[in-house]
Amino acid sequence: MELISEPLPGVKVLRPFVFEDARGNFVKPFHEDQLAAHDIALTVREEFFSTSAAGVLRGMHFQVPPHAHQKLVYCITGRVLDVVLDLRKASPTFGQAAGFELSAANRHVVHIPVGFAHGFLAQEDNSCLVYKTDAVHAPACDAGILWNSFGFDWFIHRDEGKERDVSLPVISPRDLGHPAFAEFESPF
């Protein structure tokens, strides 16, 4: 795996091993030893995926202690604007967010450490994100930050030629009910 960038301290965007020939491709998004070479220690306890239509916004999600978790995330179909928000009070980048593209085309893998909220905006229909976490989902520790409360530009705009107003992303009632960043007391 090759380190592409560290958009915030601790968050690592990686390029996995990819082999392509006339038959198609082979991609290895998880390799324990190669992750360890980038100071990532991840024992996978749970894996899941979500598939979203264009314009769906999911986030900003995390789990609080004692079930806080780190994630390895990648996109196997479609394209998303992936976003992380630093919730670590002692961090010099506390309250800062970064966004980057994850797509089936670029095959990038992002490591999101404990203490970050995560979300994404699907840019294409059938955008599928795979998540590997080091803690099992614990509903009592499930938390989030309101998507538009921390100053990140999601690049959402009204497209006059479209049937749907893309200035209003499709968001679940649960995600709309998350507290604003200014109201959140971070446990990290």
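Notes on the structure follow. (Residues numbered from 1 in each chain as written. Predicted model: local features only at pLDDT ≥ 70, side-chain atom pairs only at ≥ 80, totals over all residues. Heavy atoms only, no water.)

## Focus: the pairing of strand 8 (residues 79-86)
Logical step 1: Burial of strand 8 is extensive: seven of the eight residues sit out of reach of the surface.
Logical step 2: As defined by bridge partners, strand 8 adjoins strand 11 (residues 116-122) across seven bridges and the pair is classed as antiparallel. Bridge assignment links Val83 to a residue of strand 11, and that residue is Gly119. (Buried < 20%, exposed > 50% of the residue type's maximum accessible area, 1.4 Å probe, protein only. Helix = DSSP H or I, 4+ residues; strand = E, 2+ residues; numbered from the N terminus. Pairing = 2+ DSSP bridges.)

## Some thoughts on the nonpolar core
Logical step 1: Counting 24 residues, the largest nonpolar core has Met60, Phe62, Leu85, Leu87, Ile145, Phe150 and Trp154 as its most contacted members.
Logical step 2: Of all elements in the fold, only strand 6 (57-63), strand 8 and strand 11 reach the threshold of two or more residues within this core.
Logical step 3: The contacts of Leu87, once residues within four sequence positions are left out, are Phe62, Phe94, Gly115, Phe116, Ala117, Ile145, Phe181, Phe184, Ser186 and Phe188. (Core = buried A, V, L, I, M, F, W, Y, C linked by side-chain atoms within 4.5 Å. Contact = heavy atoms within 4.5 Å.)

## Topic: the sheet that holds strand 9 (residues 97-103)
Logical step 1: Across the sheet, five strands lie side by side as 9-8-11-6-13; this open sheet has antiparallel pairing. Looking at which strands have only one partner, the edges of the open sheet turn out to be strand 9 and strand 13 (142-144). The sheet shows a mean angle of 30 degrees between the axes of neighbouring strands, direction not considered. (Axes fitted to C-alpha atoms, helices over the stretch in contact; angles between N-to-C directions.)

## Describing the pairing of strand 1 (residues 2-5)
Logical step 1: Looking at chain direction, strand 1 and strand 2 (residues 12-15) are connected through three bridges and run antiparallel. Looking at strand 2, one finds that Leu3 is bridged to Leu14.
Logical step 2: Connecting the antiparallel pair strand 1 and strand 2 is a turn made up of six residues, with Gly10 showing a positive phi of about 100 degrees.

## Side note on the environment of Gly78
Logical step 1: Within the secondary structure layout, Gly78 lies in the loop between strand 7 (71-77) and strand 8.
Logical step 2: Beyond its immediate sequence surroundings of up to four residues, Gly78 is in contact with Ser103, Ala104, Glu124, Asn126 and Ser127.

## Section: the packing of aromatic side chains
Logical step 1: With the rule as written, the count across this model stands at seven aromatic pairs.
Logical step 2: Ring geometry for Phe17 and Phe26: centres 6.4 Å apart, planes at 65 degrees, overall edge-to-face.
Logical step 3: Pairing Trp147 with Trp154 gives two aromatic rings, centres 6.1 Å apart and planes at 65 degrees, and the pair type is edge-to-face. By the burial criterion, Trp147 is buried, and Trp154 matches it.
Logical step 4: Ring pairing ties together the aromatic residues Phe62, Phe184 and Phe188, which thus form one cluster. (Phe/Tyr/Trp six-rings, centres within 6.5 Å; stacked < 30°, edge-to-face > 60°.)

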